[in-house]
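Structural description and commentary
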Amino acid sequence: MEQRRGGGDYVELEVIEDGTTRGSSTHATSGQEESTSQVLRRRRFHWPSPAFLLLAFVLAMASFLFGTALRTSDGGIKRTKVYRGSDGGSIALPETYVRPLVIGHRGSCGMLPEHTLEGYKLAMKQHADCIECDVILTKDGVPICRHDLTLEQTTDVASRPEFDHKRTTRDVEGETTTGWFAVDFTLDELKQLRALQRLDFRDPNYDGLFQVATLQEQIDLVKENSGDGGDVDVLSGHDDEAASWHLKLLNYFMKFWGYSSEDKDKGTDQGHHHHTPKTCLYPELKSTTWHNSLGMWGGKRSEDIILDVLEKNGYKTKDDNIYLQSFETLDLEYVHKKSSLKLIQLIGAPDVVQWDTKRPYEELMSEKGISEIAKYAFAVSPSKNDICEKNTTTGYIDASSVAKGRSWVEMIHSKGLQVHPWVLRDEDRYLAWNYGQDAYNEYTMFIRDVGVDGFFTDFPATASNYIRLFELDLAYQSSHKEKLP
Ligand SMILES: *[C@@H]1O[C@H](CO)[C@@H](O)[C@H](O)[C@H]1NC(C)=O
């Protein structure tokens with residue numbers, strides 16, 4: 001890979017300052033030179049020559065696609081970047097620009113099995129801003145990261161005869177469900193299981209290698225890695241040669257874009273960030289009402305068990321680098337009474353009934369519903385499909401659907417809430433036809449045309465690579481007041 005380097009040499013300066021997570025107003029510092037005390041880190045990029053040509057072409061196309069000024073946002077962490085070329089010139093992003101928050105959905109679950117420490121590490125390496133943990137509880141009351149209440153879709157539990165006796169049937173939110181429930185396993189038992197890739201059209205090469213992660217382990221991980229992710233060793237503790245080889249191949253493409261540890265020219269961390277992990281947590285309270293109905297854990301509410309872990313680790317207020325989500329409302333309101341943590345109201349499909357309040361999600365989506373959410377939440381998180389509906393006959397998202405999405409997002413912004421939709425995925429089966437099977441086009445639509453503030457993605461690498469191109473183009477346009485040739 002070394003020999004393919006050469007050509008363009010580019011230094012990216014990143015100026016980071018806190019947004020309203022610490023105060024009521026944000027003032028960008030774009031345009032300041034690298035002497036600023038707020039420059040927290042630098043990265044050196046080496047662009048391979050052939051790639052440089054390709055990039056120039058992509059940028060030209062992108063400049064055609066990208067519009068003008070971006071909407072400002074008043075939340076989250078503001079990052080303003082200056083890109084400096086090898087000729088000494090620099091281009092800066094507009095002061096109003098706020099980078100959308102990249103939320104690594106279940107880690108980097110498009111590439112590695114979901115909710116594993118290895119998947120979280122890969123997401124960090126791929127510059128996800130946040131990593132997600134869907135929190136459920138074990139029999140012994142330990143918060144672990146799993147999406148489903150049952151284990152068989154994402155672990156090898158079904159092929160472990162020693163756990164046959166734990167297969168059981170329970171009532172889950174109105175449905176009779178049979179399987180291996182995490183609440184019937186102690187953490188020690190769960191640690192004997194190995195994670196599997198959930199989807200058969202995704203890479204199965206890491207099946208059987210990784211353990212189920214706990215919330216505490218995820219927290220430890222972000223605390224241990226306060227850098228920009230480049231130094232994270234995804235497979236530390238593993239000696240599986242095949243997995244190492246596969247991951248090297250994945251890394252090749254990250255390296256291609258300059259995101260590799262040896263490219264890192266670590267800047268000095270002189271800001272107030274050194275005590276805060278750079279990667280944010282984005283845990284979800286899963287099926288709170290169901291958990292609490294079990295009468296386990298000495299009658300302690302699951303919200304309290306989870307909050308205890310968060311508080312013990314210093315996650316207590318809105319200023320902490322964490323977002324707590326739920327599809328339910330009563331649990332969020334409960335947490336809101338006890339802490340000022342940033343809360344995310346997840347929103348299901350309009351006709352689906354919210355389990356705890358028995359309201360169809362449609363009610364939460366209305367202006368009245370959003371106003372109510374604004375009393376306790378920081379953001380709402382609807383499905384991308386409910387922001388911009390796809391025509392079910394044609395498989396296209398048309399202009400009126402985009403306009404509808406944008407005006408809904410604007411209404412939500414007017415209530416002081418951010419919008420973080422779920423879930424952007426690379427595979428064509430998740431893309432509308434009008435994207436031409438290119439996930440970048442979906443990013444363009446949601447970031448530029450609809451104006452979301454962040455998003456969940458199964459592929460943080462795609463998101464990071466996209467945002468870099470988006471920013472380079474925007475910075476160029478902003479600095480030169482003209483489009484690329
Ligand atoms: C979907 O597309 C079809 C075919 O172009 C059109 O007749 C129909 O009105 C569209 N549906 C909606 C809801 O826009």
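Now for a description of the structure that goes with this document. (Residues numbered from 1 in each chain as written. Predicted model: local features only at pLDDT ≥ 70, side-chain atom pairs only at ≥ 80, totals over all residues.)

Concerning the overall build of the protein
The condition that has to hold: Note on conventions: DSSP H or I runs of at least 4 residues are helices, E runs of at least 2 residues are strands, and numbering of each starts at the N terminus. The exposure label follows from counting other C-beta atoms within 10 Å of a residue's C-beta, where the C-beta atoms are placed from the backbone and the thresholds are 20 or more for buried and 12 or fewer for exposed, leaving partly exposed in between. We call two residues in contact when the distance between their C-beta atoms, placed using the backbone, is within 7 Å.
Scanning the protein from terminus to terminus reveals 14 helices and 16 strands. The buried share of the protein, taken over its 485 residues, is 45%. Considering only residue pairs separated by 6 or more positions, the protein has 72% of its internal contacts joining residues 24 or more positions apart.

Some words on the pairing of strand β8 (residues 167-172)
Selection criterion: Between any two strands, pairing holds if DSSP finds at least two bridges.
Across 6 bridges, the pairing between β8 and strand β9 (residues 175-180) is antiparallel. Residue pairing for β9: arginine 170 is matched across the bridge by threonine 177. Between β8 and β9, which pair antiparallel and follow one another directly, the connecting turn spans 2 residues, one of which, glutamate 173, has a positive phi of 50°.

Observations regarding helix α8 (residues 330-338)
This is how the line gets drawn: When we speak of the arc, we mean the arc of directions from the helix axis to the C-beta atoms.
All of the buried residues along α8 are Asp331, Leu332 and Val335. The arc enclosing the buried residues of α8, seen along the axis, measures out at 100°, which places them on a common side. Contacts made by the buried residues of α8 are with β11 (280-285), α6 (288-293), α7 (302-312), β12 (323-326) and β13 (342-347).

Some details on the environment of lysine 375
With respect to the element layout, lysine 375 can be found in the loop between α10 (367-373) and β14 (379-382). Separated by 42 residues in sequence, lysine 375 and leucine 417 have C-alpha atoms that sit 9.7 Å apart.

Section: the nonpolar core
Quick reminder of the rule: As used here, a nonpolar core is made of buried Ala, Val, Leu, Ile, Met, Phe, Trp, Tyr and Cys residues. They are joined through C-beta atoms within 7 Å. Segmentation into domains, and thus their bounds, comes from an automatic or database assignment.
Formed by 108 residues in total, the largest nonpolar core has its most connected members in Cys130, Ile144, Leu281, Ala377 and Val380. Among the domains, domain 1 (2-99 + 234-265) and domain 2 (101-225 + 273-459) are the pair contributing at least three residues each to this core. Excluding anything up to four places from it in sequence, leucine 281 contacts Cys130, Ile131, Cys133, Gln218, Ile219, Val222, Tyr315, Asn321 and Ile322.

Examining the packing of helix α13 (residues 439-450) against helix α14 (residues 460-480)
Basically, it comes down to this: To get an axis, fit a line to the C-alpha atoms, keeping to the stretch in contact for a helix; angles then go from 0 to 180 degrees between the N-to-C directions. Note on convention: near helix rotated counterclockwise from far helix by under a right angle means a left-handed crossing. Clockwise means right-handed. Polar here means any residue outside two lists: the nonpolar Ala, Val, Leu, Ile, Met, Phe, Trp, Tyr, Cys and Pro, and the charged Asp, Glu, Lys and Arg; Gly therefore counts as polar.
At a minimum axis distance of 10 Å, the contact between α13 and α14 shows a crossing angle of 65°. At the point where α13 passes α14, the crossing takes the right-handed sense. Residue-level contacts link Ala439, Tyr440, Tyr443 and Ile447 of α13 to Thr462, Ala463, Tyr466 and Phe470 of α14. Tallied by class, the residues present in the contact of α13 with α14 amount to 7 nonpolar, 1 polar and no charged.

Some words on the environment of aspartate 129
With respect to the helices and strands, aspartate 129 occurs in the loop between α2 (117-125) and β6 (130-137). Note: C-alpha distance between aspartate 129 and leucine 101 (28 residues apart in sequence) is 6.0 Å. When residues no more than four places from it in sequence are discounted, the contact partners of aspartate 129 are Leu101, Val102, Ile103 and Cys280.

Section: unusual backbone geometry
For the peptide bond that leads from tryptophan 422 to valine 423, omega is -20°, which places it in the cis range. By the element assignment, valine 423 lies in the loop between β15 (418-419) and α13. The residue serine 287 is not glycine, and still its phi comes out positive at about 45°. Topologically, serine 287 is positioned in the loop between β11 and α6. By the C-beta count within 10 Å, which is 24 here, serine 287 ends up buried.

Remember that the coordinates give geometry; whether it matters functionally is a separate question.
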